[in-house]
Every structure is written in structure tokens, then in C-alpha cells.
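Structural characterization, general
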Amino acid sequence: MTQPISVAAIQMTSGQQLSGNLEAASVLLEQAANGGAQLAVLPENFAVYGGDYRATAGQFEQLKGWLCEQASRLNMAIIGGSVPAIRRPDGSEVAAPRVRTRALAVSADGQCLAAYDKLHLFDAQVNDAQGRYCESDVFEPGTEVVTVPLAGLTVGLAICYDLRFPSLAQRLAQAGADLIVYPSAFTAVTGAAHWSLLLRATAVQTGCYVLGANQCGQHGPRRASYGHSMLVNPWGEVVASLENAPAALVAGLDLATMNELRQRMPVQTHQRFHIEGPYER
């Protein structure tokens, strides 16, 4: 009988001060490792939330190195929810003032195995203190769907607003994902309405475990995140969840349970329409 794999969602209230954010992340990552986590997921914009993302992107290699050092130090795979990046995967430069927002997947021995650039950008009106969100002013969307082997799992990479697009989750499931991760900064308003609903629906529709690692609390006068990071199993049950405060959530993912549920409810083999081809900018 296979042993459950322990995964962690790191929930933070990141701000604009890089050093303070990294210090907070380091403490929570250590808590996750001490709790037995084999893979930890940091939230979207964990290193810097707000401010000049183009300037932060100038420190991309240092932030990548920091993630690799943390993974090696803790002997734990880490997904750095998102880091601003000036260069596209092909090496070409994103035109100023925009950047890519990139998740980095690092193995427990400190090797960066994969990178994923957020595909869907949050341009929306929300009934909160900020009101208008327009990520496309700041970020350039990615074009690639990415899975990566980490901690004995095939992990499908996604970021925040991607959660609202089931075609991406289906592509990741078709690519063999056991776990789909959503490092996020869901707002307090949209999170209360849809966060749990979307995570649970994604798990049921794909037959995958789904882990949402969210920002939480008040980032500034006009911006608050919902928190409530959680792990959901393929039956749509919440395995474990947090409230709305910084913490490390550690919970077990059981591949035997996942495979049994997939055999009992073989949704993927019943698919009549498959999502094919690359995403386009």
C-alpha cells in the first residue's frame, strides 16, 4: 500500500518589502518541512506584492537562487508561486513596462526543473476598495501548458486566475497530472464567492488533487486577499484548509485513493472533446 505524500500550502500576507517577505516565507517553509511536507507551494507574488514589478524582475536570478537554496536546505521540493521575469522562455525580452509572472518548480535537491508563465490575466471589476484590476497593464501572458515531476507526483502548474478556466485544468489532467496547484492572490470578495467552489469543481472534473495556496489578509488600504488555502481530493472533499492568517498547511495526498476514484468515476476516459494545440498570445 502506498504511503500518502505530504504537500504544503504556504499562506502569506506579502507586501512590497522583498527582504521581509522572504524572511516570512523562509519561516513558513521551515514549518512545512518540519511538518513532513515533501512539496510546498508558495503563493502568487510571494516575494513582492505590488510596487514596481519590472524592478523586481531585475532580481529574477537571485530569487530563483533563493528558492533553490531553500529547497536544498530543507530537502523539500518547492513551487515558487510567482516571480516577475523580464525574459520569456525563449530568452527574448518582454517590452517595458510589462513582465511575465512565472512559477518556478524546484526539486528537493535544489534544481529548478520547470517554469510556468501565467496564461490568464485578471482584468476585472470587483466590488471592493480597489475596484478595477488590470493585470494586462503589468504582465504579459504566457503561452505554454506545463507539468513537472516533483516529490513522486506529476504536478500541473497554474496561477490564480487560471482557476477560472477549466480547459487549462483539462489539458493538465490529459498530460498526466496527479496534482494541480494554484498559487494565488484571490481577492477577499472573489475568494469568498468562488475560491472553494472552483477548487472543488476542478478536482471533481479532472480527477486530480487540487492545492490552492493563497495570499491572505490586508496588503494595503485598498487590497485584501481571501486566504483559506486548501487541499481538495478528486471527490471534491476538502482534505484540509486554513483560515485567513499566515500559516503553513500540511496535508496528505493519497495516490491510491485518487486511482480508486478514477476507476470508479473514469471521467477522463469519457471525454468526447479534448483540448489540443498551444495557447496563443
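This text follows the structure it describes.
Here we summarise the structure given alongside this text. (Residues numbered from 1 in each chain as written. Predicted model: local features only at pLDDT ≥ 70, side-chain atom pairs only at ≥ 80, totals over all residues. Heavy atoms only, no water.)

This paragraph deals with the pattern of salt bridges. Summed over all chains, the structure comprises 11 salt bridges. Its salt-bridge partner being lysine 118, residue glutamate 44 comes within 2.8 Å of it at the nearest N-O pair. Of this pair, glutamate 44 sits in the loop between β2 (39-41) and α2 (53-57) while lysine 118 sits in the loop between β5 (112-117) and β6 (123-125); the two residues are 74 residues apart in sequence, bridging distant segments of the chain. For the pair glutamate 44 and lysine 118, one class covers both residues: buried. Arginine 100 is the salt-bridge partner of glutamate 140, the closest N and O atoms lying 2.6 Å from each other. (Salt bridge = Lys/Arg side-chain N within 4 Å of Asp/Glu carboxyl O. Helix = DSSP H or I, 4+ residues; strand = E, 2+ residues; numbered from the N terminus. Buried < 20%, exposed > 50% of the residue type's maximum accessible area, 1.4 Å probe, protein only.)

Its 17 residues place the ends of helix α1 (residues 18-34) 24 Å apart at the C-alpha level, agreeing with the 24 Å of an ideal helix rising 1.5 Å per residue. Within α1, the full set of buried residues consists of Leu18, Asn21, Leu22, Ala25, Ser26, Leu28, Leu29, Ala32 and Ala33. Tucked inside the fold, the buried residues of α1 contact β1 (5-11), β2, α3 (60-74), β3 (77-85) and β16 (247-253). (Expected span 1.5 Å × (residues − 1). Contact = heavy atoms within 4.5 Å.)

The geometry of α1 relative to α3 is characterised by a closest axis approach of 11 Å and an angle of 25 degrees between their N-to-C directions. Looking at the two axes, α1 sits roughly parallel to α3. Crossing hand, α1 versus α3: right-handed. Contacts between α1 and α3 involve Leu18, Leu22, Ala25, Ser26, Leu29, Glu30 and Ala33 from the first element and Leu63, Trp66, Gln70, Arg73 and Leu74 from the second. Of the residues belonging to the contact of α1 with α3, the class tally is eight nonpolar, two polar and two charged. (Axes fitted to C-alpha atoms, helices over the stretch in contact; angles between N-to-C directions. Parallel < 35°, antiparallel > 145°, perpendicular 65-115°, else oblique. Left-handed = near helix turned anticlockwise from the far one by under 90°. Nonpolar A, V, L, I, M, F, W, Y, C, P; charged D, E, K, R; others polar.)

Another point: the packing of aromatic side chains. The tally for this structure, following the rule as stated, stands at six aromatic pairs. With a centroid separation of 5.3 Å and 45 degrees between ring planes, the pair formed by phenylalanine 122 and tyrosine 133 is classed as tilted. With phenylalanine 122 in the loop between β5 and β6 and tyrosine 133 in strand β7 (residues 132-134), this residue pair connects regions lying 11 residues apart in the sequence. Relative accessible area serves as the criterion here: at 13%, phenylalanine 122 is assigned to the buried category. Ring pairs connect the aromatic residues Phe122, Tyr133, Tyr161 and Phe165, which therefore count as one cluster. In this structure, arginine 264 packs its charged tip against the face of tryptophan 235, placed 5.4 Å from the ring centre. (Phe/Tyr/Trp six-rings, centres within 6.5 Å; stacked < 30°, edge-to-face > 60°. Lys NZ or Arg CZ within 6 Å of the ring centre and 35° of its normal.)

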